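Topology and contacts: notes
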Amino acid sequence: MDVPPTAAARAAALRCEIAAHDYAYYVLAAPTVPDAEYDRLFRELQALEAEYPALQTPDSPTRRVGGAPRSDLPAVRHAVPMLSIRTETDAGPGGATAFDLRVRRELKLAADDPPVEYNAELKFDGIAMSLRYEAGVLARAATRGDGEVGEDVTPNVRTIRAIPLRLLGAAPAVLEVRGEVFMRRDEFERLNERQRAEGGKVFVNPRNATAGFVRQLDPRVTAMRPLSFFAYGVGEVAGWVLPGSQSELLDALAAWGLPVSAERAVVRGADGLLAFHARVAGRRDALPFDIDGVVYKVDSIALQERLGFVTREPRWACAHKFPAQEELTTVEGIEVQVGRTGKLTPVARLAPVFVGGVTVSNATLHNEDFVRSLDLRIGDRVTVRRAGDVIPQIVAVQSHARSADVTPFAMPLHCPACGSRVLRDEAEKDHRCTGGLFCPAQRKQALLHFAGRRAMDIEGLGDKLVDALVEQSLVHTPADLFKLGLGTLANLPRMAGKSAANLLAALDKARSTTLARFIYALGIRHVGESTARDLARHFASLDALLAADEAELQAVPDVGPVVAQSVARFCAEPHNREVIAQLRAAGVSWTEGEALRPTAAAGPAAGRTFVLTGTLPTLTRERAAEMIVAAGGKVSAAVSKKTDYVVAGTEAGGKLDRAQALGVAVIDEAALRRLLETATSPDN
Ligand code: IVH
């Protein structure tokens with residue numbers, strides 16, 4: 001068949017582009033495009049070569065699997081090649097059905113034969129690794145390389161604590177364990193935070209960071225990095241008879257002390273595969289590490305042997321992928337938002353892109369330094385990453401493919417909302433509007449914060465309403481909210497008489513609050529919910545707080561000089577005192593001294609940190625938090641090793657997983673009540 005010149009030119013261009021990406025990825029360890037984009041280019045080239053075989057050149061990137069081994073690491077020939085697996089093209093339910101159908105056809109099963117059993121696993125998004133144990137001792141670790149020859153990375157891999165240096169119990173003469181080295185997402189975020197603070201290299205994603213550390217030349221550097229490992233198969237084995245199934249093989253590896261993910265299941269037929277796929281897809285964000293899909297393997301080793309291989313892929317396994325967590329898009333503009341404390345945040349407006357299962361059209365750029373470190377310009381093509389419950393981030397700029405008409409970004413000298421001067425806070429690397437509550441943007445955010453669920457909890461006072469109230473100059477300070485009348489409210493756009501009355505009722509309800517909520521609602525810089533509670537507990541009355549100087553404030557547990565100064569300054573400001581007086585005059589009240597129950601400091605909850613997650617059967621989270629605090633405990637938003645209890649309700653997500661991973665005690669509402677009873681009963 002004649003090859004049309006356009007096809008030949010396109011194939012040549014693709015080969016060239018893919019080779020450049022390969023070089024950047026494998027040699028420089030600095031990828032230029034997201035995997036999804038690379039895969040598209042690769043598939044386009046494969047399709048062209050399939051249609052016009054004359055286009056297949058020996059140097060085509062489609063001729064090799066995986067990457068070229070790096071020349072400066074010793075090469076290792078794998079005793080048993082490290083294969084790849086076929087990816088089902090249909091990312092929807094069709095993928096599982098197609099695989100099951102193919103397996104049944106190859107096995108010559110009739111329609112009424114029983115369903116095939118599969119071992120369904122996670123597809124870990126890390127670096128494939130072969131660990132060779134000789135007489136139970138880790139003798140060598142090698143990357144996959146091109147599947148035949150990999151790189152010897154033994155010294156680096158020895159530093160990974162998840163990988164046993166010696167297997168437990170009686171071990172075979174030779175056991176090559178195949179699996180994936182990866183980095184947990186929280187470790188990755190921490191690593192990048194550190195790198196950013198130290199001006200070091202910032203990594204695009206956990207996999208690139210892992211690849212870098214596994215393949216770099218100084219094991220001391222790898223040793224400092226928090227890498228993990230999951231085993232999913234074996235290579236060469238001598239002196240051991242393999243069990244009858246993949247699931248038992250994984251059990252055996254686990255029994256030798258190798259980490260094997262618990263997120264696996266033996267399922268039956270296409271329905272079983274689909275159910276597993278759906279379950280894992282629903283939990284993807286809650287997992288502490290990245291996965292890019294699931295892997296299905298025929299469970300019976302005997303059937304696997306019957307099925308065999310096509311070229312370099314087993315017929316008995318396939319990958320069923322999830323939506324990519326990184327995609328390319330264009331920065332159409334950079335807008336600057338003004339926050340409650342006047343901080344200016346540049347936000348990238350993106351051409352909408354489907355990434356990590358959602359459509360993303362904005363990404364925060366944090367501050368000017370962040371934009372600089374990326375060298376981001378308006379009009380640039382960028383890689384957007386959305387993984388886990390982390391907000392979407394721009395992680396790389398395609399500066400090599402930049403067009404001439406991109407525009408650099410600079411922070412404005414005047415506030416985009418009020419025109420006041422903008423000052424750079426050197427210590428915090430932030431730009432701030434100096435307009436204070438004169439600035440409508442700051443005022444709006446302050447009001448939203450004041451009305452928030454964790455603050456005064458004014459139901460129905462949302463974004464749109466606050467916009468209207470500020471724009472029509474009806475509300476300048478939080479105190480003005482309580483002066484609003486039915487007539488004024490009902491005249492606002494989209495406000496029917498009923499919703500105006502509802503808002504008044506909500507305001508009325510919000511009048512009776514707690515001192516801690518009130519302090520938090522004021523929006524003092526550096527005073528979050530937990531500090532507000534500490535202050536309320538310590539001073540027990542607002543007047544005592546207002547009268548405190550910095551030294552007295554620092555006597556509060558967990559209050560340092562920065563917080564003390566911020567609180568003292570806020571309280572000294574006549575304008576703030578006036579607003580507080582007006583709020584009290586408007587009937588905002590709480591029971592003073594409530595927080596200073598003598599039992600609170602000594603109760604069983606004292607010194608204990610709780611994290612609330614999911615929906616509790618009878619308590620709202622706010623109420624549960626108040627009860628914990630009243631009993632002397634602390635409530636924190638994130639689970640860490642310091643957490644004492646995670647109180648979990650229904651639909652608890654990532655926090656529950658993390659608690660289990662860290663071995664933190666998980667209790668339900670009933671257990672919480674029992675625990676707090678002794679702490680609060682003497683008062684009640
Ligand atoms: S099995 C013969 N199982 O996906 C089958 N691979 O092309 C060999 N991967 O880079 C692979 N999770 O490192 C298998 N549970 C899993 C996996 C998995 C991730 C990676 C593997 C390789 C690619 C397969």
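Here the structure is a predicted model, which means the values were calculated and not measured.

1. Points about the overall build of the chain
Counting its regular elements, the chain contains 26 helices and 24 strands. Each of the three principal axes of the chain carries a C-alpha extent, and together these read 85 × 65 × 55 Å. Long-range contacts, defined as pairs at least 24 residues apart, comprise 66% of the intrachain contacts of the chain with a sequence gap of at least 6. As displayed, the chain offers around 31700 Å² of accessible surface, 54% of which is attributable to carbon and sulfur atoms. When the 82 positive and 85 negative side-chain charges of the chain are each reduced to one mean point, those points stand 1 Å apart.

2. With respect to the site of the ligand
In the vicinity of the ligand there are 14 residues, among which I85, E121, E180, Y232 and K297 approach most closely. Measuring from an oxygen atom of the ligand, one finds a backbone N or O atom of I85 at 3.0 Å. A distance of 2.4 Å separates an oxygen atom of the ligand from a polar atom in the side chain of E180. The element contributing the most residues to the shell around the ligand is strand β3 (residues 117-124), with 4 residues.

3. Some remarks on the confidence of the model for the chain
Here the chain shows a mean pLDDT of 89. Residues at 70 or above account for 95%. Note that residues 595-599 has pLDDT below 50 and, in this model, 13 contacts with residues that lie over four places away or in other chains. Per-residue pLDDT stays below 50 along residues 679-684; that stretch engages in 10 contacts with residues further than four places along the chain or on separate chains.

4. Points about helix α6 (residues 206-215)
Of all 10 residues making up α6, 9 are buried, and the element is well covered by its neighbours. Here α6 has its buried residues at P206, R207, N208, A209, T210, A211, F213, V214 and R215.

5. A look at the sheet that holds strand β15 (residues 344-355)
The sheet built from 5 strands is open, its strands ordered β16-β15-β14-β17-β18 with antiparallel pairing. Two strands lie at the open edges of the sheet, namely β16 (358-364) and β18 (393-397), each paired on one side alone. Here the strands of the sheet are splayed against their neighbours by 45° on average, with no regard to which way each runs. Pairing analysis gives 4 bridges linking strand β17 (residues 381-385) to β18, with the strands arranged antiparallel. When the bridges of β18 are listed, V384 appears paired with I394.

6. Focus: the pairing of strand β20 (residues 430-433)
Every second residue of β20 is oriented toward a common face, with D430 and R432 on one face and H431 and C433 on the other, all of them buried. Two successive antiparallel strands, strand β19 (residues 422-425) and β20, enclose a turn made up of 4 residues, where K429 displays a positive phi of approximately 60°.

7. Notes on the sheet that holds strand β5 (residues 137-143)
Across the sheet, which stays open at both edges, the 4 strands sit in the order β5-β4-β7-β8 with antiparallel pairing between neighbours. Each edge of the open sheet carries a strand with a single partner, namely β5 and β8 (228-238). Neighbouring strand axes in the sheet, compared pairwise and without regard to direction, differ in orientation by 25° on average. Inspection of the sheet shows strand β4 (residues 127-134) paired to strand β7 (residues 174-182) by 8 bridges, in the antiparallel sense. When the sheet's bridge partners are listed, S130 is paired in β7 with R178. Packed onto the sheet, α6 meets β4, β5 and β7 and runs at close to 40° relative to β4. Packing of helix α8 (residues 246-255) onto the sheet brings it into contact with β7 and β8, and relative to β8 it is tilted by some 105°.

8. A closer look at the packing of helix α3 (residues 94-106) against helix α9 (residues 269-283)
Look at α3 against α9: their axes get within 9 Å of each other, and the N-to-C directions meet at 145°. Relative to α9, α3 is oriented so that their crossing is right-handed. Every residue of α9 that contacts α3 at A96, T97, F99 and D100 is listed here: G269, A270, L273 and L274. Taken together, the residues of the contact of α3 with α9 break down into 5 nonpolar, 2 polar and 1 charged.

9. Observations concerning the environment of K483
Checked against the element boundaries, K483 lands in the loop between α14 (478-481) and α15 (486-490). Note: C-alpha distance between K483 and N208 (275 residues apart in sequence) is 56 Å. Reaching out from K483, the side chain makes a polar contact with the side chain of Q582 at a distance of 2.8 Å.

10. Things to note about the environment of A231
Along the chain, A231 turns up in strand β8. Judged by relative accessible area, A231 falls into the buried class, the value being 3%. For the pair A231 and V358, spaced 127 residues apart in sequence, the C-alpha separation works out to 30 Å. Not counting the four nearest positions on each side in its chain, A231 is found in contact with V177, R178, G179, L250, L253, P259 and V260.

11. Some remarks on the side chain of D100
Tracing the backbone shows D100 in helix α3. Among buried charged residues, D100 stands out as having no salt bridge; its nearest opposite-charge side chain is R104, 5.0 Å away. Excluding anything up to four places from it in sequence, D100 contacts V116, Y118, G269 and A270.

About the criteria used
- Throughout this description, residue numbers start from 1 for each chain and increase along the sequence as written.
- With the structure being a predicted model, the display of local features is reserved for residues of pLDDT at least 70 and the display and counting of side-chain atom pairs for 80 or more, all residues being used for whole-chain, interface and lining totals.
- Computation of side-chain values: all heavy atoms of the structure, hydrogens and water removed.
- Note on conventions: DSSP H or I runs of at least 4 residues are helices, E runs of at least 2 residues are strands, and numbering of each starts at the N terminus.
- Two residues form a contact once any of their heavy atoms are found within 4.5 Å.
- Surface accessibility follows the Shrake-Rupley procedure with a 1.4 Å probe radius. Residue values consider only the protein chains on display as shielding.
- In this tally, Asp and Glu contribute negative charge and Lys and Arg positive charge; neither His nor the terminal groups of the chain are included.
- Note on charges: their place is set at NZ of Lys, CZ of Arg, CG of Asp or CD of Glu.
- What makes a residue near a molecule or strand is one non-hydrogen atom of that residue sitting within 4 Å of it.
- Whenever two N or O atoms come within 3.5 Å, that pair is a polar contact, provided that in protein one can donate a hydrogen and the other can accept it, and provided that, for residues adjacent in sequence, both atoms are side-chain atoms.
- Residue-level confidence of the predictor is summarised by pLDDT, bounded by 0 at the bottom and 100 at the top.
- With a 1.4 Å probe rolled over the protein chains alone, any residue whose accessible area is under 20% of its type maximum counts as buried; one over 50% counts as exposed, and the rest are partly exposed.
- Strand pairing follows a simple DSSP-based rule, namely that at least 2 bridges must link the two strands.
- Between the N-to-C directions of two axes lies an angle of 0 to 180 degrees, each axis being a line fitted to C-alpha atoms and, for a helix, fitted only over the stretch in contact.
- The crossing is said to be left-handed when, going from far helix to near helix, the turn is anticlockwise and less than a right angle, and right-handed when the turn is clockwise.
- Note on residue categories: nonpolar means Ala, Val, Leu, Ile, Met, Phe, Trp, Tyr, Cys or Pro, charged means Asp, Glu, Lys or Arg, and polar means any other residue, Gly included.
- We define a salt bridge as a contact between a side-chain nitrogen of Lys or Arg and a carboxyl oxygen of Asp or Glu at a distance within 4 Å.

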